[in-house]
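# Coordinate analysis (summary)
What follows is the residue order along each chain.
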Amino acid sequence: MRNFLKLTNFEFNRISKLLFSLMGFVLLIQLIGVFFEVWMYNNRIDSLMTENQMTEAQALNQVGELSFAMVMYSMFFLGPIFISVGAMLFYIFLIWYREWFGKNTFIYRLLMLPTERINIFFSKLVTIVVATLTLVGFQFLALLIENSIFNALVSDPFLSEMNVVNLISQDPLISMIFPHSLDGILLVYGFGAVIVGVLFTAILLERSYRIKGIAAAILYAIVVSALLASPFAVNELLLNGYMYPGEILFTFAVMALLVLMVSIVISRKLLNDKIRV
Amino acid sequence: MIEVNDVVKKFGRKEVLKGISFTANKGEITCLIGINGVGKTTILNAIMKLTPINSGEILVDGKKVTKSTFEKITFIPDSTIMLPGFTINEAMDFMNDYYEVWNQERANEFLKFFRLNPEDKISTLSKGNTAKTNLLLGLSLDVDYVLMDEPFSGIDMFSREQIAEVFTTHLIEDRGVIITTHEINDIEHLIDKAVLLDEGEIYKEFNTEEIREEEGKSVVDVMREVYRG
Amino acid sequence: MNIQFNNRDPVYVQVVRYFKNQIAKGFLEPGQAIPSRRELANQLKINPNTAQRAYKEMEEEGLIKTEKNQPSRVTSDENVLQDLRDELIVQAVSEFVSSVKSINVSLDEALNLVKQKYEKGDSDD
């Protein structure tokens, strides 16, 4: 256990640079987005007032109030999120492959540590999950900050003040990142962790058997997909929608846990007996 | 004792180890000799469970290798296996974090003996100093067995001399050492036992002092007989 | 301390031979402490096992004595030292004899040459 914590701490230190850069990047671009949208809006109002000789009220009437939704649904806001997601997906592979490649092959040291090798797997998995949750938490905080800056920038008659939480729930994509309930958080990020575990197993299959391992990894991914889809498929095709959504989700969660366990068992075996430096 | 019993290893269809057996005793320096690509490194990797074997068995003090074995045996490969961004200090801290048997006093001795600067980043070290750092990190573990892969290859003469000197000191004494080399000259006087390998097979395993005493032959003489006869 | 080792004689034999020479030449005096096997290994750049073996051999021949918790010392036993001297002389002479014999030098001729050289004080040492 102590070694697992040390390894996790170690992995987290290694990811921290990326994490801080991503946070900085997200905040910067999203703040630019806030200022940009406000500036664009003010420009439109101004030009209506100067060029079309409208009164402020007329201009407001024509353009409508500015709400934070304009910022949140813009690429300034979503772009950095997509990039962060992409970076984390990339890191899922990097976190393993960097141990083998390059001048210094750290995998030797990792595999020779006097600790259960599966701890390496767990530490990397936990690092990815915690890093992701850190990013999500930071994004939520950033969102609140951006919203209050936005509210401060837009003067009263033009501002349509909106609740951030409502804005989140109105967008399917954003509401997936910030689920409304604890169940939702567990489901989304728990499922995410399971998928990371499956990808790790696929990577270890490749690292153990190389080319043949890629075939095995693809096969494993297909089996896992089938298992995870099975609750929905069974309900639709065999039971004609007999199950309640809650029951389906529960079965799905059980399947996901099962998949995670299988991944751990396979990865443990691979790390102990099959891995190659 | 490290026992390698009838170990077979295949890469695809190619058999790189064709049923290798030998032993290495504690307190002795055993040298695996053979030209490059005869499977010396693979043997060391297999002992440390860094590569799977197809059949056979490897025992350390009569037991299979598990996580606790790594407090008893260490492997020093011929390349750095620490994060390149680490300084030597950070690398030592890392070792200290995970190994009960890490011996910082000994590590300090090595720093002095090899004249290494602990503030130096590993990625900036010369080849010779990289090899010395590897040695420092491996040999500062109070383990019974040490595996070294080609510790003399590709480094300057004075570094080679210094490294060979380590074998004559208490820094190695009483441990069991397996060392691989394709160039015996640097260490001919130092080794207790030679294991000659070629194409995945062991040609001869002998005690160096015995062969000098009984047959008046040097290790190189025996190698000549084996590889050219 | 420095020995140029050859690769065909056992290293420990070469170490013993070296000590015998040092004692016979008086560089190591009777009763003088000699390095521990660990120091010796380090000084001669040999395996500590070999140093150990050399010391064991010398102890068996009575050339050195080791008492508990003390450094090993060169023996003060006159008989042993005399034997060692004899051994080295005989060894040197037989080497000389066999090499002059191999080039057909007569005994008289050889003795004459020895005498001349010896008196001139010409020596390799």
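Owing to the predicted nature of the structure, the values given are computational and were not obtained by experimental measurement.

Within chain C, the regular secondary structure consists of five helices and two strands. Going from the N terminus to the C terminus, chain C shows its helices and strands as α-α-α-β-β-α-α. Against the compact-globule benchmark of 14 Å for 125 residues, chain C has a radius of gyration of 17 Å, which places it well outside the compact range. Principal-axis analysis of the C-alpha atoms places the extent of chain C at approximately 55 × 35 × 25 Å.

Residue and element names in this part refer to chain B. Across the sheet, which stays open at both edges, the six strands sit in the order 5-6-7-3-8-9 with mixed pairing between neighbours. Edge strands, defined here as strands with exactly one partner in the open sheet, are strand 5 (73-76) and strand 9 (201-207). Geometrically, the sheet is characterised by an average inter-axis angle of 15 degrees between neighbouring strands, direction not taken into account. Across six bridges, the pairing between strand 8 (residues 193-198) and strand 9 is antiparallel. Following the sheet pairing, Val-195 is matched in strand 9 by Glu-205. With respect to the sheet, helix 4 (residues 127-139) is in contact with strand 5 and strand 6 (145-149), its orientation differing from that of strand 5 by roughly 175 degrees.

Taken residue by residue, the interface counts 15 residues in chain C and 22 residues in chain B. The set of elements that each furnish at least two residues to the side of chain C that touches chain B consists of helix 1 (11-24), helix 2 (37-44) and helix 3 (48-60) of chain C. With three residues, helix 2 of chain C is the single largest residue contributor to the side of chain C that touches chain B. Of the residues assigned to the side of chain C that touches chain B, the class counts are seven nonpolar, four polar and four charged.

Residue and element names in this part refer to chain C. Segmenting chain C into domains produces domain 1 (11-76) and domain 2 (79-120). Here the C-alpha centroids of domain 1 and domain 2 sit 27 Å apart. Of the residues lining the interface, seven residues belong to domain 1; the matching set on domain 2 comes to five residues.

It is worth spelling out unusual backbone geometry at this point. One non-glycine residue with positive phi stands out, namely Arg-210 of chain A, at about 50 degrees. Arg-210 of chain A sits in the exposed class, given 12 other C-beta atoms within 10 Å. Phi is positive for Lys-45 of chain C, which is not a glycine, with a value near 60 degrees. On the secondary structure map, Lys-45 of chain C appears in the loop between helix 2 and helix 3. Judged by local crowding, Lys-45 of chain C falls into the partly exposed class, with 18 C-beta atoms found within 10 Å.

What follows covers the sheet that holds strand 2 (residues 14-24) of chain B. Residues and elements named next belong to chain B. The strand order across the open sheet built from three strands is 2-1-4, with neighbouring strands paired in antiparallel fashion. Pairing within the sheet leaves two strands with one partner each, and these edge strands are strand 2 and strand 4 (55-60). The sheet shows a mean angle of 20 degrees between the axes of neighbouring strands, direction not considered. Relative to strand 2, strand 1 (residues 2-11) runs antiparallel, the two sharing eight bridges. Its bridge partner being in strand 2, Lys-9 is matched across the sheet by Leu-17. Seen against the sheet, helix 1 (residues 40-47) touches strand 1, strand 2 and strand 4 and runs at an angle of roughly 115 degrees to strand 1.

Before going further, it helps to spend a moment on the interface of chain A and chain B. Contacts between the two partners involve 18 residues from chain A, matched on the other side by 20 residues from chain B. Among the secondary structure elements, those contributing two or more residues to the side of chain A that touches chain B are helix 1 (2-51), helix 5 (107-111) and helix 10 (245-274) of chain A. The biggest single contributor to the side of chain A that touches chain B is helix 5 of chain A, with three residues. Its residues assigned to classes, the side of chain A that touches chain B comprises seven nonpolar, four polar and seven charged.

On to the arrangement of the chains. Where two pairs of chains are in contact, the pair with the most contacts is made of chains A and B. Across all C-alpha pairs, the smallest distance from chain A to chain C is 28 Å, and the two are not in contact.

What follows covers the environment of Ser-84 of chain A. Residues and elements named next belong to chain A. Its location among the elements puts Ser-84 in helix 4 (residues 75-97). For the pair formed by Ser-84 and Val-26, sequence separation is 58 residues and the distance between their alpha carbons is 8.0 Å. Not counting residues up to four positions away in its chain, the partners in contact with Ser-84 are Leu-22, Val-26 and Leu-135.

This paragraph deals with helix 5 (residues 107-120) of chain C. Each turn of an α-helix holds 3.6 residues, which means side chains three or four residues apart point in the same direction. Residues and elements named next belong to chain C. If you check helix 5, its first and last C-alpha atoms are 20 Å apart, about what 14 residues at 1.5 Å a residue would give, namely 20 Å. Along helix 5, only zero of the 14 residues are buried, which leaves the element largely exposed. Remark: Gly-121 follows helix 5 within two positions and exhibits a positive phi of approximately 75 degrees.

Now for the UniProt feature "transmembrane region" (unreviewed entry) in chain A. Residues and elements named next belong to chain A. Look at the UniProt record and you will see "transmembrane region" (unreviewed entry) annotated at residues 20-41, 70-97, 118-145, 185-205, 217-234 and 246-266. End C-alpha atoms of residues 70-97 are separated by 40 Å, and the span's content is 93% helix alongside 0% strand. The span residues 118-145 is 100% helical and 0% strand by assignment, and the distance between its end C-alpha atoms comes to 40 Å.

The next point concerns the environment of Met-75 of chain A. Mapped onto the elements, Met-75 of chain A comes out in helix 4. Once the C-alpha coordinates of Met-75 of chain A and His-180 of chain A are considered, the two residues, 105 residues apart in sequence, prove to be 23 Å apart.

With that settled, the discussion passes to the packing of helix 1 of chain C against helix 4 (residues 78-102) of chain C. Residue and element names in this part refer to chain C. Here helix 1 crosses helix 4 at 110 degrees, and the two axes come no closer than 10 Å. In terms of orientation, helix 1 lies roughly perpendicular with respect to helix 4. Here the hand of the crossing between helix 1 and helix 4 comes out left-handed. For the pair formed by helix 1 and helix 4, the contact residues are Lys-20, Ile-23 and Ala-24 on the first element and Leu-84, Arg-85 and Leu-88 on the second. Classifying every residue of the contact of helix 1 with helix 4 gives four nonpolar, no polar and two charged.

Core analysis: the biggest nonpolar cluster contains 122 residues, and Cys-31, Ile-33, Ile-43, Val-146, Leu-147 and Ile-178 of chain B have the highest contact counts within it. Among the elements that make up this core, the one with the highest residue count is helix 9 (residues 182-238) of chain A (eleven residues). Of all hydrophobic cores here, the second largest spans ten residues; its members include Val-34, Leu-66, Phe-76 and Val-154 of chain A.

Further remarks concern the UniProt feature "domain: HTH gntR-type" (unreviewed entry) in chain C. Residues annotated in UniProt with the feature "domain: HTH gntR-type" (unreviewed entry) correspond here to residues 9-77 of chain C. Note that residues 9-77 of chain C is 51% helix and 6% strand, and that its end C-alpha atoms are spaced 29 Å apart.

This paragraph deals with the packing of helix 6 (residues 118-153) of chain A against helix 10 of chain A. Residue and element names in this part refer to chain A. Where helix 6 meets helix 10, the closest approach of the two axes is 8 Å, and the angle between their N-to-C directions is 130 degrees. By the angle between their axes, helix 6 is oblique relative to helix 10. Of the residues in helix 10, those touching helix 6 at Ile-118, Ile-120 and Phe-121 are Ile-264, Ser-267, Arg-268 and Leu-271. Among the residues making up the contact of helix 6 with helix 10, the classes are represented as five nonpolar, one polar and one charged.

Rules used throughout
Residues numbered from 1 in each chain as written. Chains lettered and ligands numbered in written order. Predicted model: local features only at pLDDT ≥ 70, side-chain atom pairs only at ≥ 80, totals over all residues. Helix = DSSP H or I, 4+ residues; strand = E, 2+ residues; numbered from the N terminus. Rg over C-alpha atoms; globule rule 2.2 N^0.38 Å. Pairing = 2+ DSSP bridges. Axes fitted to C-alpha atoms, helices over the stretch in contact; angles between N-to-C directions. Contact = placed C-beta atoms within 7 Å. Nonpolar A, V, L, I, M, F, W, Y, C, P; charged D, E, K, R; others polar. Domains from an automatic or database assignment. Buried ≥ 20, exposed ≤ 12 C-beta atoms within 10 Å, placed from the backbone. Expected span 1.5 Å × (residues − 1). UniProt positions renumbered as here; feature names shortened; annotations may be inferred. Parallel < 35°, antiparallel > 145°, perpendicular 65-115°, else oblique. Left-handed = near helix turned anticlockwise from the far one by under 90°. Core = buried A, V, L, I, M, F, W, Y, C linked by C-beta atoms within 7 Å.

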